[in-house]
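Each chain is listed here by its residues.
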Amino acid sequence: MSQTKHRPQVAIICGSGLGMLADTLKCQDSFAYSDIPGFPQSTVQGHAGRLVFGELKGKTCVCMQGRFHMYEGHSLLKTTFPVRVFKLLGVETLFVTNAAGSLADGLQPGDIMIIKDHVNFPGLVGLNPLCGPNDDKFGPRFPAMSGCYDKNLRCLAMEIAKQLGVAGLMQEGVYAMVGGPNFETIAEARLLHRLGVDAVGMSTAPEVVVATHCGLRVFGLSLITNKVVKSYEDSDSVNHEGVLEVGRLRSHTVQQLVTELIGRMEINNNNTNNAA
Ligand SMILES: O=P(O)(O)O[C@H]1O[C@H](CO)[C@@H](O)[C@H]1O
Ligand code: HPA
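Definitions and cut-offs
- Residues numbered from 1 in each chain as written.
- Chains lettered and ligands numbered in written order.
- Predicted model: local features only at pLDDT ≥ 70, side-chain atom pairs only at ≥ 80, totals over all residues.
- Heavy atoms only, no water.
- UniProt positions renumbered as here; feature names shortened; annotations may be inferred.
- Helix = DSSP H or I, 4+ residues; strand = E, 2+ residues; numbered from the N terminus.
- Rg over C-alpha atoms; globule rule 2.2 N^0.38 Å.
- Buried < 20%, exposed > 50% of the residue type's maximum accessible area, 1.4 Å probe, protein only.
- Areas by Shrake-Rupley, 256 points an atom, 1.4 Å probe, with all protein chains shown as cover.
- Lys, Arg positive; Asp, Glu negative; His and termini not counted.
- Charge placed at Lys NZ, Arg CZ, Asp CG, Glu CD.
- Contact = heavy atoms within 4.5 Å.
- Salt bridge = Lys/Arg side-chain N within 4 Å of Asp/Glu carboxyl O.
- Near = heavy atom within 4 Å.
- Polar contact = N/O pair within 3.5 Å; in protein donor to acceptor, adjacent residues only side chain to side chain.
- pLDDT = per-residue confidence, 0-100.

- The name given to the protein in an unreviewed UniProt entry is Purine nucleoside phosphorylase, with the source organism recorded as Acanthochromis polyacanthus.
- Database annotation for the protein, UniProt heading Sequence similarities (unreviewed entry): "Belongs to the PNP/MTAP phosphorylase family."
- Per UniProt, the protein has the following entry under Pathway (unreviewed entry): "Purine metabolism; purine nucleoside salvage."

What follows is the structure, given as structure tokens:
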């Protein structure tokens, strides 16, 4: 921390193809993950591997240009390590963004889903970053996860979308994390759809679990990059290049939304920063 004067209140995790969110920060200090002791390395195309500090609309932010995924071979503790670093830096609010495939018929590629809730499939079978001895300095052994996506921020985001004229692209929904790295089979897609999942991806839930455990307020959004194939008659197939391309196409809108939301949200400044 001796290498930056920024003391962030807000952390942003950029999803696949959404690294441009960091470009909006003013007075940047940027660090390659490879230069930060103990930080994992990004191995996925579209995840640059840089931590960027800066100002956005009067708030101090830190932005992860590149996240870590379980399928890269990182332990869940490693994939979520930055979230606890953010807590220790004094961050109060975590923004998680991701690229996701849609299962809901009303969500089209290019749409933006405000995450209302998630299904953490790896977590349901014990692949949870909170497994192992609990560190009471961060949070309780059995943290509640109901309401882990802050309702006020969700409402404010919708209000801002209306003012920006992009409300037609936006709706709330349930995100499910699967392990990846393969995309879903048709049978898996149908199962997820029947379970009430609106969008699916391979990240985010562990970060949100760790953030909620240590008392961070969370806002999440999924950029819908593809429709998940649910029919045996459908010859479409998804690929990572296509996912990144939709990220590039929608980058401006996502930047506008995140910038306005960060600018207008209230910061309590009551983060005691005493987790450890
Ligand atoms: O969740 P993010 O990191 O946005 O990336 C999503 O896009 C990649 C697949 O194209 C997977 O990593 C999936 O999780
Ligand atoms: O269709 C998908 N499935 C899982 N992860 C994804 N990330 C982007 N699109 C998808």
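Structural notes on the overall build of the protein
Part 1: Tallying secondary structure elements over the protein gives six helices and nine strands in all.
Part 2: The C-alpha atoms of the protein give 18 Å as radius of gyration, which agrees with the globular expectation for 276 residues (19 Å, within 12%).
Part 3: Along the longest, intermediate and shortest principal axes, the C-alpha atoms of the protein span 55 × 45 × 35 Å.
Part 4: Scored against the burial criterion, the 276 residues of the protein give a buried share of 55%.
Part 5: Approximately 12,000 Å² of the protein is accessible, and the part contributed by carbon and sulfur atoms is 52%.
Part 6: Side-chain charges of the protein comprise 24 positive and 25 negative groups, with the mean position of each set lying 5 Å from the other.

What about the side chain of Asn 120?
Part 1: Looking at where Asn 120 falls in the secondary structure, it is placed in strand β6 (residues 112-120).
Part 2: Exposure remark for Asn 120: the relative accessible area of 9% places this residue in the buried category.
Part 3: Excluding anything up to four places from it in sequence, Asn 120 contacts Met 177, Ala 205 and Val 209.

Observations regarding the UniProt feature "binding site: a purine D-ribonucleoside" (unreviewed entry) in the protein
Part 1: Per the UniProt record, "binding site: a purine D-ribonucleoside" (unreviewed entry) is found at Glu 184 and Asn 226. These annotated residues cover 43 residues of sequence, and their C-alpha atoms lie no more than 12.0 Å from one another, placing them together at a single site.
Part 2: Here Glu 184 shows up in the loop between β7 (170-177) and α4 (186-194).
Part 3: Glu 184 has contacts with Val 178, Ala 189, Leu 192, Val 200 and Val 228, leaving out every residue within four places of it along the chain.
Part 4: Mapped onto the secondary structure, Asn 226 falls in strand β9 (residues 217-227).
Part 5: Here Asn 226 is in contact with Ala 100, Gly 101, Ser 102, Pro 109, Val 238 and Val 243, once residues within four sequence places are set aside.

Some details on the pattern of salt bridges
Part 1: Taken as a whole and assessed by the stated rule, the structure comprises nine salt bridges.
Part 2: A salt bridge links Lys 137 to Asp 135, with the shortest nitrogen-to-oxygen separation between them at 3.3 Å.
Part 3: The class of Asp 135 is partly exposed, set by a relative accessible area of 24%.
Part 4: Taking the shortest distance from any N to any O, the salt bridge between Glu 241 and Arg 248 comes out at 3.3 Å.
Part 5: Given a relative accessible area of 47%, Arg 248 falls into the partly exposed group.
Part 6: Linked through salt bridges whose partners overlap, the residues forming this network are Glu 241, Glu 245 and Arg 248.

Side note on the site of ligand 2
Part 1: Around ligand 2, the neighbouring residues are Ala 99, Ala 100, Gly 101, Phe 183, Glu 184, Val 200, Gly 201, Met 202, Thr 225, Asn 226, Val 228 and Val 243.
Part 2: Separating a nitrogen atom of ligand 2 from a backbone N or O atom of Gly 101 is a distance of 3.3 Å.
Part 3: In this structure, a nitrogen atom belonging to ligand 2 sits 2.8 Å away from a side-chain N or O atom of Glu 184.
Part 4: When ligand 2 sits alone it has 260 Å² of accessible area, and the protein chains cover 95% of it.
Part 5: Mapped by element, the contributors of at least two residues to the shell around ligand 2 are β5 (93-102), β8 (199-201) and β9.
Part 6: By residue number, the principal contributor to the shell around ligand 2 is β5, which donates three residues.

Quick word on the environment of Val 229
Part 1: As for its position among the elements, Val 229 is in the loop between β9 and α6 (240-264).
Part 2: What makes Val 229 buried here is its relative accessible area of 16%.
Part 3: For Val 229 and Thr 80, which are 149 residues apart along the polypeptide, the C-alpha to C-alpha distance reads 30 Å.
Part 4: Val 229 has contacts with Ile 186, Ala 189, Asp 234 and Asp 236, leaving out every residue within four places of it along the chain.

Describing the confidence of the model for the protein
Part 1: Within the protein, residue pLDDT values average 95, and 97% of them lie at 70 or more.
Part 2: Confidence drops under pLDDT 50 across residues 271-276; counting only partners more than four residues distant or on other chains, this segment forms 16 contacts.

A word on the site of ligand 1
Part 1: Near ligand 1 lie 13 residues; those nearest to it are Ser 16, His 69, Tyr 71, Ser 203 and His 240.
Part 2: Ser 16 has a polar side-chain atom sitting 2.7 Å from an oxygen atom of ligand 1.
Part 3: A distance of 2.7 Å separates an oxygen atom of ligand 1 from a polar side-chain atom of His 69.
Part 4: Expressed as a share of its isolated accessible area of 350 Å², the protein-covered part of ligand 1 is 96%.

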